[in-house]
Amino acid sequence: MNGHDVKNEGTEIVQQKRAPIGFGSQGVQLASLEEAFRFANAIVASGFAPKGMEKSESVLVAIQLGAEIGLTPMAALQNTAVINGRPAIYGDAALALVRASGLLQSYKEEEIGEAGTDAHGYRVTAMRKGDQTGIETFTVADAKRAKLWGKAGPWSDYPKRMLRFRARGYVLRDLLGDVLKGLRTVEEAHDIPAEP
């Protein structure tokens, strides 16, 4: 009924107008749980809900998670996933959040080792402002040891990217876990066996 709730109280009909949801340069500005749930319903009805978030309640929880780590509602939907019942964030979003935090003094990703060898992989070096430097490497040998190398899916389709994401996820979570709230990257979470 055009944004109105209709309640029948005895013989009297009472109409309540829903408050408009704010909209600004960053898109929707959700100011209450009710507004967030209305927005979640709209996402589900639009067909924009990511796979695994086809219910309004799932979208609402993803929006809440995004708010806790600094993502707008749509960015939260685009960059989070539920894997084995736990939320995770995509590797590119993790790096974006850390950069946006202002706590990252320096960051470098470099390909190491010769392609086609077990020494091939990525080294990621990051320094937190006023704190320590973190260095993580992840090589083909590491992927083989973890039984990931050649695994169907991204490890077969995009092996270099997966090596990079694994090194990135480790260093960012170790050095700036407070920014990421301890979330694993989606790329890592997919490789963790489901709990029985």
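As the structure is a prediction and not an experimental result, all values here were calculated from the model. (Residues numbered from 1 in each chain as written. Predicted model: local features only at pLDDT ≥ 70, side-chain atom pairs only at ≥ 80, totals over all residues. Heavy atoms only, no water.)

Student: It is not clear to me how the pairing of strand β8 (residues 121–128) should be interpreted in this structure. Could you clarify?
Tutor: Taken residue by residue, a regular strand's side chains alternate between the two faces of the sheet. Pairing analysis gives eight bridges linking strand β7 (residues 104–112) to β8, with the strands arranged antiparallel. The partner of Lys108 across the bridge, within β8, is Thr125. One ladder, built from seven bridges, connects β8 with strand β9 (residues 133–139); its direction is antiparallel. In the strand pairing of β9, Val124 is matched with Glu136. Between β8 and β9, which pair antiparallel one after the other, the connecting turn spans four residues, and Gly130 there sits at a positive phi close to 65 degrees. (Pairing = 2+ DSSP bridges. Helix = DSSP H or I, 4+ residues; strand = E, 2+ residues; numbered from the N terminus.)

Student: Explain the nonpolar core to me, please; I cannot follow it from the model alone.
Tutor: Grouped burial of nonpolar side chains is what soluble globular proteins tend to show. Ile89 and Leu172 are the most contacted members of the largest nonpolar core, which has 31 residues in total. Within the residue set of this core, elements represented by two or more residues are α2 (56–69), α3 (73–79), α4 (91–100), β7, β8, α5 (140–145) and α7 (159–180). In terms of residue count, α7 provides more of this core than any other element does, nine residues in total. Beyond its immediate stretch of four places on either side in the chain, Leu172 contacts Ala94, Leu95, Val98, Tyr107, Gly177 and Leu180. Core analysis: the next-biggest nonpolar cluster, separate from the first, contains 12 residues, Phe39, Ala49, Val59 and Ala62 among them. (Core = buried A, V, L, I, M, F, W, Y, C linked by side-chain atoms within 4.5 Å. Buried < 20%, exposed > 50% of the residue type's maximum accessible area, 1.4 Å probe, protein only. Contact = heavy atoms within 4.5 Å.)

Student: What am I meant to see in the sheet that holds β7 here?
Tutor: Two modes of strand pairing occur in sheets, parallel and antiparallel, and in both the strands are linked by backbone hydrogen bonds. The three strands lie next to each other as β7-β8-β9, forming an open sheet whose pairing is antiparallel. In the strand order of this sheet, the two ends are held by β7 and β9, each with one partner. Between one strand axis and the next, the sheet turns by 10 degrees as a mean value, whatever way the strands run. The strands that α7 touches are β7, β8 and β9; relative to β8, the one it contacts most, it runs at about 20 degrees. (Axes fitted to C-alpha atoms, helices over the stretch in contact; angles between N-to-C directions.)

Student: Looking at this structure, how should I read the side chain of Thr80?
Tutor: Checked against the element boundaries, Thr80 lands in strand β5 (residues 80–83). In terms of polar contacts, Thr80 uses its side chain to reach the backbone carbonyl oxygen of Ala76, at 2.6 Å. If we ignore the near neighbours within four places in the chain, the residues touching Thr80 are Met53, Ala62, Leu65, Ala88 and Tyr90. (Polar contact = N/O pair within 3.5 Å; in protein donor to acceptor, adjacent residues only side chain to side chain.)

Student: In this structure, what is going on with the packing of aromatic side chains? I would like to understand it.
Tutor: What characterises a pair of aromatic rings is the spacing of the ring centres plus the angle enclosed by the ring planes. Taken as a whole and judged by the stated rule, the model has three aromatic pairs. When the ring of Phe138 is compared with that of Trp155, the centres are 6.3 Å apart and the planes differ by 45 degrees; the resulting orientation is tilted. Of this pair, Phe138 sits in strand β9 while Trp155 sits in helix α6 (residues 154–157); the two residues are 17 residues apart in sequence, bridging distant segments of the chain. Judged by relative accessible area, Phe138 falls into the buried class, the value being 5%. Ring centres of Phe138 and Tyr170 lie 6.1 Å apart, and the angle between their planes is 70 degrees; on these two criteria the pair is classed as edge-to-face. One end of the pair, Phe138, is in strand β9; the other, Tyr170, is in helix α7, and 32 residues separate them in sequence. Relative accessible area serves as the criterion here: at 23%, Tyr170 is assigned to the partly exposed category. Taken together, the aromatic side chains of Phe138, Trp149, Trp155 and Tyr170 make up a single cluster linked through ring pairs. (Phe/Tyr/Trp six-rings, centres within 6.5 Å; stacked < 30°, edge-to-face > 60°.)

Student: Teacher, can you tell me more about the side chain of Glu35 here?
Tutor: Mapped onto the elements of the fold, Glu35 is located in helix α1 (residues 33–46). The buried charged residue Glu35 lacks any salt bridge partner; its closest oppositely charged side chain belongs to Arg38, at an N-O distance of 5.4 Å. Within polar-contact distance, the side chain of Glu35 engages the backbone nitrogen of Ala31 at 2.7 Å. When sequence neighbours within four positions are dropped, the list of residues in contact with Glu35 reads Pro20, Ile21, Gln29 and Leu30. (Lys, Arg positive; Asp, Glu negative; His and termini not counted. Salt bridge = Lys/Arg side-chain N within 4 Å of Asp/Glu carboxyl O.)

Student: Sorry, what's going on with the pattern of salt bridges here?
Tutor: A pair can form between side chains of opposite charge whenever their charged atoms are brought close. With the rule as written, the count across this model stands at 14 salt bridges. The residue Arg168 makes a salt bridge to Asp92 at a minimum N-O spacing of 2.9 Å. Here the residue Arg168 occupies a position in helix α7, and Asp92 occupies one in helix α4, the gap between them amounting to 76 residues. The partner of Glu109 in a salt bridge is Arg168, with the nearest N and O atoms 2.7 Å apart. Residue Glu109 is located in strand β7, and its partner Arg168 is located in helix α7; the two are separated by 59 residues in the primary sequence. By relative accessible area, which is 23% here, Glu109 ends up partly exposed. It is possible to trace a salt-bridge network through shared partners that takes in Asp92, Glu109, Arg161, Arg164 and Arg168.

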